[in-house]
Structure formats: C-alpha cells, structure tokens
Amino acid sequence: MIIYPMKAKTVPCIAALERLCFSEPWSQASLEAELRNPLATWLVAEIGGQTAGYAGIHQVLDEACVTNVAVDPAHRRKGVGKALMLALENICRREGSAFLTLEVRESNQGAIALYQNLGFEEVGRRKHYYTHPTEDALLLTKFFAREATL
Ligand SMILES: CC(C)(COP(=O)(O)OP(=O)(O)OC[C@H]1O[C@@H](n2cnc3c(N)ncnc32)[C@H](O)[C@@H]1OP(=O)(O)O)[C@@H](O)C(=O)NCCC(=O)NCCS
C-alpha cells in the first residue's frame, strides 16, 4: 500500500467511491475545489495501482477535523482506513494541531470501532445531524496535547 496526497487525476476515482459509500456524497466539483483549499489535506491509499481508499482533514489554527474517510468495499479490513487515519494524525501532530475531531453516524459501528481503537473519545452528539436517513452524529475527538502529558 502506498499513501500520497490527492491529485487531480485521482479525483474521479474518489468521487466514484464517495457515491458508492455515502448517501450524500461529495461531488467531483467539490473534491476538485479541495485541491485549491489551503486548509484541506486529502490522502489517497493505493493498492496494486488501484485507489483503495482516501481520507481528508481541514485544519484551522490548532484545530483539525476529518472531512471524510472511506475505503473501497473490496479493500476493507486490510488496515487501509487505519493507515490513512494514522497518516493524517502524523500531519496534525507535525503541524501543531491540539486535537483531531470528527462526526460519525451513531449506527456506523465499524467506523466507530476504528476511531475508538485509535484513541478517539466520544465528546458529544449532534442531534439529527445526518439526513438520508436522519440520524444523530457522535462527535469523537483525539487530543494530541494530552498525549504529551501521559
Ligand atoms: C470505516 C471504514 C473507513 C474502515 O476502513 P477499513 O480499511 O476497513 O478499516 P481497517 O481495516 O483499517 O480497520 C482497522 C480496525 O478498525 C476496526 N474496524 C474497521 N471496520 C470494522 C467493522 N466493519 N466492524 C468492526 N470493526 C471494524 C477493527 O478494529 C479493525 O481492526 P481489525 O480488522 O484488525 O479487527 C470502512 O468500513 C468504510 O469505508 N466504511 C464506509 C464509509 C464510512 O462509513 N466512513 C466513515 C465515515 S465517518
């Protein structure tokens, strides 16, 4: 597996995975706009020349939030999601983020297990945050500042 920053030529594959994985996918145009967003970092994981997954963050001052993470169903449970999240965490630490936060559907037990195994803590809930279907979001956060004192 290799992991590298999203490029213009990988956007169509990512947009296709978005449509496959989410009921409200990011459009190809909004993903292309992320290439020009100075606050955005998106990483792509490639296995055998194929786009296996991707994950993105936005960073504002010392705060970072996950914009999305998804892995092609054909490549799940091979450590791709974990590798992408760890790579984003390394960028956050290197660039001085105090924490990395994200929202996840409360029914998304696979993603919640991934995040909890990485040390994310539940810090809140956003009522009816998602549509199609309507569902609460759990707010999970990993605090890097705390790691230094542990
Ligand atoms: C959530 C998702 C990104 C996980 O990607 P993945 O590459 O399959 O995850 P990994 O193989 O890196 O899993 C790492 C660990 O997370 C946990 N985990 C991941 N998927 C899991 C699942 N479906 N059920 C239970 N635990 C799971 C396990 O502890 C796993 O370790 P293990 O395989 O050794 O048991 C993937 O299932 C996905 O794309 N889902 C659809 C999109 C989505 O829901 N994105 C999250 C939006 S918030």
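Everything below is about the structure printed above this text.
Residues numbered from 1 in each chain as written. Predicted model: local features only at pLDDT ≥ 70, side-chain atom pairs only at ≥ 80, totals over all residues. Heavy atoms only, no water.

A few words now on the environment of Ala16. Take Ala16: it is sitting in helix H1 (residues 11-21). Remark: the alpha-carbon pair of Ala16 and Glu34, spanning 18 residues in sequence, is separated by 16 Å. (Helix = DSSP H or I, 4+ residues; strand = E, 2+ residues; numbered from the N terminus.)

The next point concerns the layout of surface pockets. Looking at the largest pocket, its volume works out to about 1200 Å³. Lining the largest pocket are 37 residues, with Phe22, Val69, Asn108, Ala111 and Tyr115 sitting closest to its centre. Elements that contribute at least two residues to the lining of the largest pocket include exactly H1, strand S4 (63-71), helix H3 (80-94), strand S5 (99-105), helix H4 (109-117) and strand S6 (121-130). Broken down by class, the residue content of the lining of the largest pocket amounts to 17 nonpolar, twelve polar and eight charged. (1 Å grid on protein atoms, 1.4 Å probe; cavity = no way out; pocket = protein on both sides within 12 Å on 5 of 7 lines; lining within 4 Å. Points joined across faces, edges and corners; volume = space filled by probe spheres on them. Nonpolar A, V, L, I, M, F, W, Y, C, P; charged D, E, K, R; others polar.)

Turning to the sheet that holds S5, a few remarks are in order. Spatially, S1-S2-S3-S4-S5-S7-S6 is the arrangement adopted by the seven strands of the open sheet, whose pairing is mixed. Each end of this open sheet is capped by a strand with a single partner; those strands are strand S1 (2-5) and S6. Going from strand to strand, the sheet's axes swing by 25° on average, the running direction of each strand aside. Note that strand S3 (residues 50-60) and S4 share eight bridges and pair antiparallel. Among the inter-strand pairings, Val60 is bridged to a residue of S4, identified as Glu63. Packed on one face of the sheet, H3 meets S1, strand S2 (40-47), S3, S4, S5 and strand S7 (135-143) and runs near 30° to S3. Packed on one face of the sheet, H4 meets S4, S5 and S7 and runs near 160° to S5. (Pairing = 2+ DSSP bridges. Axes fitted to C-alpha atoms, helices over the stretch in contact; angles between N-to-C directions. Contact = heavy atoms within 4.5 Å.)

Now for the site of the ligand. Within the structure, the ligand sits among 20 residues, and Val71, Gly81, Lys82, Asn108 and Asn117 are positioned closest to it. Here an oxygen atom of the ligand sits 2.7 Å away from a polar atom, N or O, in the main chain of Val71. Computed on the free molecule, the ligand has an accessible area of 910 Å², of which 74% lies beneath the protein chains in the complex. Contributing elements (two or more residues each) for the shell around the ligand: S4, H3, S5 and H4. It is H4 that contributes the most residues to the shell around the ligand, six residues altogether. In the shell around the ligand, the residues fall into ten nonpolar, five polar and five charged. (Near = heavy atom within 4 Å. Polar contact = N/O pair within 3.5 Å; in protein donor to acceptor, adjacent residues only side chain to side chain. Areas by Shrake-Rupley, 256 points an atom, 1.4 Å probe, with all protein chains shown as cover.)

Here the structure, examined in full by the defined rule, presents zero disulfides. The structure places no disulfide on Cys21, whose sulfur is separated from the nearest cysteine sulfur, that of Cys13, by 13 Å. A disulfide-free cysteine, Cys92 has its sulfur positioned 9.4 Å from the sulfur of Cys65, the nearest such atom. Its relative accessible area of 0% is what places Cys92 among the buried residues. (Disulfide = S-S within 2.5 Å. Buried < 20%, exposed > 50% of the residue type's maximum accessible area, 1.4 Å probe, protein only.)

It is worth spelling out unusual backbone geometry at this point. The linkage connecting His132 with the following residue, Pro133, adopts the cis geometry, with an omega of -5°. For Leu61, which is not glycine, the phi dihedral falls at a positive 50°. Considering the arrangement of structural elements, one finds Leu61 in the loop between S3 and S4. Leu61 sits in the exposed class, given a relative accessible area of 82%.

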